[in-house]
Amino acid sequence: MRRLLVLTLAATALVAAPVSATPVAGTHCSEFPSDNWWHADVSHLPVHARSRQWLSHMSTDVDLHPDFGPSFGDGPNYGIPITVVRSSHPKVRVRFDYASESDRVRYPLGADTRVEGGRGSSGDKHTIVVDKGGCRLYETWNTRIRDGHWVAGSGAVWSLRSNDLRPDGWTSADAAGLPILPGLLRWKEVKAGRVDHAIRFTTDVSSKHHLWPARHDAGSESSLAYPPMGARFRLRAGFSTSGYSAYAVTVIKAMKKYGLVLADNGSPWYFQGEQSARWPARLIEELKQIPASSFVAVDTSSLQVSPDSGQVSD
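Because the structure is a prediction, the values reported are computed rather than measured. (Residues numbered from 1 in each chain as written. Predicted model: local features only at pLDDT ≥ 70, side-chain atom pairs only at ≥ 80, totals over all residues. Heavy atoms only, no water.)

Details of the environment of His 126
In step 1: Its location among the elements puts His 126 in the loop between β3 (94–96) and β4 (127–131).
In step 2: Separated by 100 residues in sequence, His 126 and Gly 26 have C-alpha atoms that sit 20 Å apart.
In step 3: Within the local environment of His 126, its side chain forms a polar contact with the side chain of Glu 116, the two groups lying 2.7 Å apart.
In step 4: Here Ala 173 takes part through its backbone oxygen, which lies 3.0 Å from a polar atom of the side chain of His 126. (Helix = DSSP H or I, 4+ residues; strand = E, 2+ residues; numbered from the N terminus. Polar contact = N/O pair within 3.5 Å; in protein donor to acceptor, adjacent residues only side chain to side chain.)

So, in structure tokens, the structure goes:
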């Protein structure tokens, strides 16, 4: 994962907005308001003018790779874990390697906090913690304990009732400066047949630019011909679901309606879900059969209400 320079952070003001999106499991909190960009239907939006250019630099000869699912005994199950806590959960100070763009508040981390890949992992070590009473989301990257203190590369806090974005140019626990939680597939929603949000994914080479509502970028290419953070990609409407299970069809339909969001640098066309032992192995194998070549980039600029808000127009 990436990290660039930053300035001192004070938490962004959090403004309430209507909520009716699917709640986070174990809470009454939505994954941001129903009129948030993550929940926007992009199935009828125009193809982005740079779609072909971006895709030409994105290894479209590969199939998608679900970056979650069973590990068959080789460490914890793959995916990013979600920890749900009460508002009374003790909060601790976190020392950030990149403190100037991190929300320097106390975080509800403790012995119950689940870390991506495990605390001894050499990977991104994300944590996602939801305060179910206050409907607040805490996310950290490269999280570990050093000399008895919590340390992370960066951290960000959101109100799940708000459409507010981080200041433009500021990172989060993700390269795009966006929250990770709303872009994760959850087994519960797939099982229920209702995925109502876009899905987070990665690519290896991106530009030094970002598109609303992304706030940050970490690419290596100055050219606009390379995909920027925040770019949204839609599975073609004509992609056949024949032969796929009902669970796989649910995910495919979400990719057609809500699409994928470029949120970080990593392996090409890896898309993320929660860490859970319940993911069926068959589903994971089916999702590996979706070709990257069946996607196009869409232009979401018409959805913008304000450059500093994730709210979308009707």
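With respect to the sheet that holds strand β1 (residues 65–66)
In step 1: Here we have six strands laid out as an open sheet, ordered β1-β12-β9-β11-β10-β13, and mixed in their pairing. One side of each edge strand has no neighbouring strand; the edge strands of this open sheet are β1 and β13 (295–298).
In step 2: Here strand β10 (residues 232–235) runs beside β13; their pairing, made up of four bridges, is antiparallel. Along β13, the bridge assignment pairs Arg 234 with Val 296.
In step 3: Packed on one face of the sheet, helix α3 (residues 246–257) meets β9 (199–203), β10, β11 (260–265), β12 (270–271) and β13 and runs near 125 degrees to β10. (Pairing = 2+ DSSP bridges. Contact = heavy atoms within 4.5 Å. Axes fitted to C-alpha atoms, helices over the stretch in contact; angles between N-to-C directions.)

What about the pattern of salt bridges?
In step 1: In total, this model carries nine salt bridges according to the counting rule given.
In step 2: The shortest N-O distance in the salt bridge between Arg 194 and Asp 196 comes to 3.6 Å.
In step 3: The buried category is assigned to Asp 196, whose relative accessible area is 6%.
In step 4: Residues Arg 200 and Asp 264 are paired through a salt bridge, measuring 3.5 Å at the closest nitrogen-oxygen approach. Within this pair, whereas Arg 200 is found in strand β9, its partner Asp 264 is found in strand β11, the two being separated by 64 residues in sequence.
In step 5: One network of salt bridges, with partners in common, ties together Asp 174, Arg 200 and Asp 264. (Salt bridge = Lys/Arg side-chain N within 4 Å of Asp/Glu carboxyl O. Buried < 20%, exposed > 50% of the residue type's maximum accessible area, 1.4 Å probe, protein only.)

Some thoughts on the pairing of strand β7 (residues 149–152)
In step 1: Two strands pair when backbone bridges link them, and β3 and β7 are joined in this way by three bridges, in the parallel orientation. In the sheet register, Val 94 faces β7, and the bridge partner there is Trp 150.
In step 2: Strand direction decides the pairing type here: strand β6 (residues 144–146) and β7, joined by three bridges, are antiparallel. Looking across to β7, one finds that Arg 146 is bridged to His 149.
In step 3: The antiparallel pairing of β6 with β7 creates a hairpin that spans two residues between the two strands, and Asp 147 there sits at a positive phi of about 50 degrees.

As for the pairing of strand β8 (residues 154–159)
In step 1: Within β8, six of the six residues are buried, which leaves the element mostly enclosed by the surrounding structure.
In step 2: Burial along β8 is two-sided: Ser 154, Ala 156 and Trp 158 facing one way and Gly 155, Val 157 and Ser 159 facing the other are all buried.
In step 3: Two elements, strand β5 (residues 136–141) and β8, share six bridges in a ladder whose sense is antiparallel. Looking at β8, one finds that Arg 136 is bridged to Ser 159.

Section: the sheet that holds β5
In step 1: If you trace the four strands from one edge of the open sheet to the other, you get β2-β4-β5-β8, paired in mixed fashion. Only two strands of the sheet have a single neighbouring strand rather than two, namely β2 (83–85) and β8. Adjacent strand axes in the sheet meet at a mean angle of 20 degrees, parallel and antiparallel pairs treated alike.
In step 2: Sheet topology note: the β4/β5 ladder contains five bridges and is antiparallel. By the bridge assignment for β5, Asp 131 is matched with Arg 136.

So, the environment of Leu 55
In step 1: Position of Leu 55 relative to the elements: it lies in helix α1 (residues 51–55).
In step 2: With 240 residues separating them along the chain, Leu 55 and Phe 295 place their C-alpha atoms 8.5 Å apart.
In step 3: Contact partners of Leu 55, with chain neighbours within four places excluded, come to Thr 60, Phe 233, Trp 269, Phe 295, Val 296 and Ala 297.

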